[in-house]
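Report on the structure
Each chain, letter by letter, is given below.
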Amino acid sequence: MAELKTQYAGLELENPLIVSAGPWSRDTSTISKALESGASAVVTASIVSEPSPTHCPRLFYKEYSLSNIRLYSELTLEDWKKTIGETRNNGGTIIASIMGESPSELAYLAESVESFGANAIEIGAAAPFGEGLEIKCSDPEFVFNYTEAVTTAVKIPVAVKLSATVTNPVACARAAERGGASGISGIDSVRAFAGIDIETATPYLPSLGGLSGSSVRPVSMAIISMISEAVGIPVCGIGGISRFSHAVEYFMLGAQSVQIGSSILTNGYSNIGIILEELTAWLDNHNYRSIQELKGIVSKRISPFQDLRSDPLAAEFKTDCHKSDCMHCRNACTYDAISFTEGKINLNRNMCSGCGMCINVCPEKLISMSWYQKG
Amino acid sequence: MPNIREVAKASGYSVATISRVINHPNSVSPDTREKVFKIMRDMEYTPNTHARGLALDKSNSIALILPDVLDMSYIKIARGIEEIAHQKGYFVFLCNSENNHERELENLDMLVKGRRVDGIILVNSLLSDDELYSLQKEKVPIVLAGRKRQIENTNAVYIDYARGSYNAAKHFISLGYRSLGFISNKSTAFEDEEKFSGFVQAINEHSISINENFIIEDEKSIRGGTRAAKKLLMGKSLPEALLVSCDPAALAVLKCLNENEIKVPEQIAIIGFDNVDISELVSPRLTTIAFPAHKLGLLSARLLFDDIDNRGYESQEIFLQTALNIRESCGHGRTKY
């Protein structure tokens, strides 16, 4: 059976599935459920000096995406002493997520959670909240300063969770590594607005919040692909993981572990066990002996745009399509290469630019791309 | 009220056991603990905490010295401190220094000499370095709340007030205002000096000249704000934008301008300081510099109890930011972020 062991934040983990910081790791009960379901470690809901009042409602779910206007714990630091103590006593691996506004505040929180028994720390200094504060999460010097302040203050390992809104993830990840971090994770939820019930002209949530779930996965994968080549410390992918295949994608981009969060609210904690089983079976079926063998194997196939070489490709129908009323491929083609004539759909390969869109939209999957030298 | 011996007699346990139940309940079996507690309840016995404190050299109380107990933002600090103290089973003595150096020293003298408390939190203290050194020699744990650490090995949680007014003045400048005024608090408190210095720094960075008539000092209150506004209105012209060092004064200025049919922010933009709760209930809603008063209280109390409990940390200095709460009075339109 394939080996699932891996590392993150200086910890040796039994498997690469960690539960991320969020409502699903808000207290002893939720953390215990996560651990019992097979997660190798749990990142606590983000611990802050001063919990804010709870808003109702604060979660909104639509189209596989979760909007959340509460991104940190409602428990006090004193409550976390008990919670971390209890979950550690049960043998769980606990990564305490801390959030603060200055290096000195983060260092204090870090010392506190270390004394409570946390195995490691994850600094989440860049959630899309704290309006009016100078968070400066895109400033590598600031990232370095807070990472160094925390790694100097504690003996347990420290990881840094990157924001989706940083414009320079590589510089920030390197700054965290330079500051002594033992791991980088990404991404934090993305600042977003949940939407509006237009019939009542009411916002679904009354403030800007953090978006997580499927829709942020491509955003996260972009950042993971960039940072995993830039740093030597283990990288952990976060964002939109609800199936084992999503985790495999992150591994292939260079992550060594992943964090699962919002999908727990729709699939339950039991999904953690299912993902682990399916991951193991898939690795075995594909003759991978460990997840380490997947690490970054696709990274080398991703190039900066300017380095892309262009093969002459054009779309073609693998079998004839006679659906006169299906407009998907015709709508998708902005090159007028697809038309319906003589009782079937015709694709003019000389007019096709090889964009690939028709392949994505064909409900019957009848179209493919192949080498074609225009003549 | 019965004493501990009577409780011992009634329960059949020794005085030592009763004492252990009171002071170290975990060292006693749950059964014994429950029996003793029940008898204590039945006899309406409560331990004499003062006597207990004398024996343990602990008072189970801490002191908080506030510059002004009527100041709404200071009361939020007190609230944060009390929350933590309550959880730890401590009382909080509240002392008022009236922003007066002598009075602060008097308070400290009574607290320290009388060994009345296990620790002291000084909010925006006016103590000199020498005075802090001599306080340190008394071995009473202290935390400086609000201001930077002046001497080594002191716990402090501080707020960069200068940065707050610097950001507010920069915000005015970014909105296109070039004639800026400042209403400052008449006091010797460092926070008021800092608030003004941040304002001046922003002005200087943009080579904007200061009209002395637009710089007015008055007391930190509604009355002070009213007087300052009247003084401003007596001048030949008004500044385009006005920073007021505390919200009560800023609200008084708003009212005064309203009475004189001067529109805010169209004719004069205003930013206050402190984010008191009512600042968003007025029209136009007051843009204000918030400082995390409650959080300052929580963290100060945590540092103090870390010290009292000898958790062995080195002394800490924690920095907290101010935040600019942009609402309507600064002329930023409907932008809330």
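Reading guide: rules and limits
- Residues numbered from 1 in each chain as written.
- Chains lettered and ligands numbered in written order.
- Predicted model: local features only at pLDDT ≥ 70, side-chain atom pairs only at ≥ 80, totals over all residues.
- UniProt positions renumbered as here; feature names shortened; annotations may be inferred.
- Core = buried A, V, L, I, M, F, W, Y, C linked by C-beta atoms within 7 Å.
- Buried ≥ 20, exposed ≤ 12 C-beta atoms within 10 Å, placed from the backbone.
- Helix = DSSP H or I, 4+ residues; strand = E, 2+ residues; numbered from the N terminus.
- Contact = placed C-beta atoms within 7 Å.
- Pairing = 2+ DSSP bridges.
- Axes fitted to C-alpha atoms, helices over the stretch in contact; angles between N-to-C directions.

In the annotation of an unreviewed UniProt entry, chain B is listed under the name LacI family DNA-binding transcriptional regulator and assigned to Candidatus Thalassospirochaeta sargassi.

An unreviewed UniProt entry lists chain A under the name dihydrouracil dehydrogenase (NAD(+)), with Candidatus Thalassospirochaeta sargassi given as the organism. Here chain A is described in UniProt, under the heading Sequence similarities (unreviewed entry), as follows: "Belongs to the dihydropyrimidine dehydrogenase family." What UniProt states about chain A under its Function (unreviewed entry) heading is, verbatim, "Involved in pyrimidine base degradation. Catalyzes physiologically the reduction of uracil to 5,6-dihydrouracil (DHU) by using NADH as a specific cosubstrate. It also catalyzes the reverse reaction and the reduction of thymine to 5,6-dihydrothymine (DHT)."

**A look at the nonpolar core**
By size, the foremost hydrophobic cluster in this structure holds 171 residues, and its most contacted members are Val42 and Ile121 of chain A together with Ile121, Val253 and Ile270 of chain B. Ranked by the residues each element gives to this core, the list is headed by helix H12 (residues 293–308) of chain B, at eight residues. If near-sequence neighbours (up to four positions away) are discounted, Ile270 of chain B is found in contact with Leu242, Val244, Ala250, Val253, Leu254, Val264, Pro265, Leu286, Ser329 and Cys330 of chain B. Ranked by size, the runner-up nonpolar core spans 11 residues in total, among them Cys329, Cys333, Ile338 and Cys358 of chain A.

**Some points on the sheet that holds strand S4 (residues 41–43) of chain A**
All names here are of chain A. A barrel is described by the order of its strands in space; here eight strands give the closed sequence S3-S4-S7-S8-S9-S10-S15-S16, paired in parallel fashion. Pairs of neighbouring strands in the sheet enclose a mean axial angle of 25°, with direction left out of account. Helix H3 (residues 103–116) rests against strand S7 (94–98) and strand S8 (120–123) of the sheet, and its axis sits at about 155° to S7.

**A short note on unusual backbone geometry**
A cis geometry characterises the amide bond from Cys56 of chain A onward to Pro57 of chain A, with omega recorded as -15°. By secondary structure assignment, the location of Pro57 of chain A is in the loop between S4 and strand S5 (59–62). The peptide bond linking Val264 of chain B to Pro265 of chain B adopts the cis configuration, its omega dihedral lying at 5°. Turning to its location among the elements, Pro265 of chain B is positioned in the loop between helix H11 (247–259) and strand S9 (269–273). One non-glycine residue, Tyr64 of chain A, lies in positive phi territory at about 65°. Residue placement: Tyr64 of chain A occurs in the loop between S5 and strand S6 (65–68). Its identity as a non-glycine residue notwithstanding, Ala201 of chain A has a phi of 50°, on the positive side. Turning to its location among the elements, Ala201 of chain A is positioned in the loop between strand S12 (196–197) and strand S13 (202–203). With 7 C-beta atoms counted inside 10 Å, the residue Ala201 of chain A sits in the exposed group.

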